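# Structural overview for review
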Amino acid sequence: MRRSRRDGIDLGLAVFGVLVFVFLFLPILVIVVYSFNTGRLLGAWDSFGFAAYSRAWNNPVIGDAVRTSLVTGVLASLVSTVLGTIGGVALARARTGARWAGVLTALLAVTLITPEVIDGISILPWLVTLGTDGGLSIVNNGMVRLIIVHTSLALAVVTFIVRARLRGMDEQIEEAAADLYATPWNRFRQITLPLAWPGIFAGALMAFTLSLDNTIVASFVQVPGYTPWPVYVFGTLKVGLRPEIAAVSSVLLLLTLAALAVVWAVLRRSGDDNTSVAATLTGG
């Protein structure tokens, strides 16, 4: 009796889990299917074909929006990866109870939990003040603005990923290198950086995907001529979606899934890197 009741609970949880996944991913599947609609409107199915992909490829406005998103994502991920790696190494190597480490961790955590609407409202006046009153004309550039805000949103993610990676590392490896008279720079370049590389790479890809999908903050700071793809899609809601939107969104979805798959593969194989570095130190 107890076993049958347990089986019923497991079956109910399994069905509930399937329904949740259907609820979350069925709309995405519908968008992918309708990207092959040859009609002029997304909601009115005409026939199956690749006309939407062709029209999207030949549309200069869509091309500029996608290009802006990709360039912003790459540059923002590079900047946030460099700064996040420095912050992650500093936090991982901070002494227990260091006040500055607690303050830095709290500040980074705040950026993760703060609603993006508040981020946009607070960042926009700051950028305007720097560009107009402060005389920093570079801040008035739309691409620079997007890189700044996307970097600020992704910095915490990269920092925490790198810190988690280094905290799981055996510190005796670095101590052994120090005993062999390795300079701090050589220890970082030959020991710390290779061990932290899976986390750094994963953080860079996560920063890229966060930048690629950002809509709210980007809509606050973007200027004409530098409209990222999510903001462009949001603007088209006023006049009706077309299959070209679904076509480009499907391509970007595949790009995002590929990036996440690479992150998963890198983190899964990160244990092998520890073994290889340790073998190098011991001459194995």
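Small disclaimer: the values here were computed from a predicted structure and weren't measured.

### Concerning the overall build of the protein chain
When helices and strands are tallied, the protein chain shows 12 helices and 0 strands. The buried share among the 284 residues of the protein chain stands at 34%. Long-range contacts, defined here as pairs at least 24 residues apart, represent 71% of the contacts in the protein chain between residues at least 6 apart. About 16700 Å² of surface is accessible on the protein chain, with carbon and sulfur atoms providing 69% of the total.

### Some remarks on the packing of helix H3 (residues 60-92) against helix H10 (residues 229-236)
Taken N-terminus to C-terminus, the directions of H3 and H10 make an angle of 140°; their axes are 7 Å apart at the nearest point. On the basis of the axis angle, H3 is oblique to H10. Taking contact as the criterion, the partners of Val61, Ile62, Ala65, Val66 and Ser69 in H3 are, on H10, Trp229, Pro230 and Tyr232.

### Observations regarding the confidence of the model for the protein chain
Taken as a whole, the protein chain shows an average pLDDT of 81; of its residues, 87% reach a score of 70 or greater. At the low end of the mean pLDDT range in the protein chain sits helix H12 (residues 270-282), at 44; at the high end sits H3, at 91. In this model residues 272-284 is a low-confidence stretch, pLDDT under 50, and it forms 13 contacts with partners more than four residues away in sequence or in other chains.

### What to know about the layout of surface pockets
Summary: where empty space remains is shown by rolling a probe the size of a single water molecule over the atoms. For the largest pocket, the calculated volume is near 540 Å³. What lines the largest pocket is a set of 22 residues, among which Asp213, Trp229, Ser249, Ser250 and Leu253 lie closest to the centre. Mapped onto the lining of the largest pocket, the elements with two or more residues apiece are helix H1 (2-34), helix H8 (184-213), H10 and helix H11 (243-268). Per-element accounting of the lining of the largest pocket gives the leading share, 9 residues, to H11.

### Some remarks on the environment of Ala109
With respect to the helices, strands and loops of the structure, Ala109 is situated in helix H4 (residues 99-113). Residue Ala109 is classed as partly exposed on the basis of its relative accessible area of 30%.

### A short note on the pattern of salt bridges
Applying the stated rule across the entire model yields 2 salt bridges. A salt bridge links Glu244 to Arg55, with the shortest nitrogen-to-oxygen separation between them at 3.2 Å. Placement of Glu244 in helix H11 and of Arg55 in helix H2 (residues 51-57) is noted, with a sequence separation of 189 residues between them. Note that Asp64 and Arg67 form a salt bridge whose closest N and O atoms lie 2.7 Å from each other. Remark: Arg67 and Asp64 occur in helix H3; sequence separation between them is 3 residues, near one turn of the helix. Accessibility expressed as a relative area gives 40% for Asp64, which makes it partly exposed.

What counts, and where the lines are drawn
- Residues numbered from 1 in each chain as written.
- Predicted model: local features only at pLDDT ≥ 70, side-chain atom pairs only at ≥ 80, totals over all residues.
- Heavy atoms only, no water.
- Helix = DSSP H or I, 4+ residues; strand = E, 2+ residues; numbered from the N terminus.
- Buried < 20%, exposed > 50% of the residue type's maximum accessible area, 1.4 Å probe, protein only.
- Contact = heavy atoms within 4.5 Å.
- Areas by Shrake-Rupley, 256 points an atom, 1.4 Å probe, with all protein chains shown as cover.
- Axes fitted to C-alpha atoms, helices over the stretch in contact; angles between N-to-C directions.
- Parallel < 35°, antiparallel > 145°, perpendicular 65-115°, else oblique.
- pLDDT = per-residue confidence, 0-100.
- 1 Å grid on protein atoms, 1.4 Å probe; cavity = no way out; pocket = protein on both sides within 12 Å on 5 of 7 lines; lining within 4 Å.
- Points joined across faces, edges and corners; volume = space filled by probe spheres on them.
- Salt bridge = Lys/Arg side-chain N within 4 Å of Asp/Glu carboxyl O.

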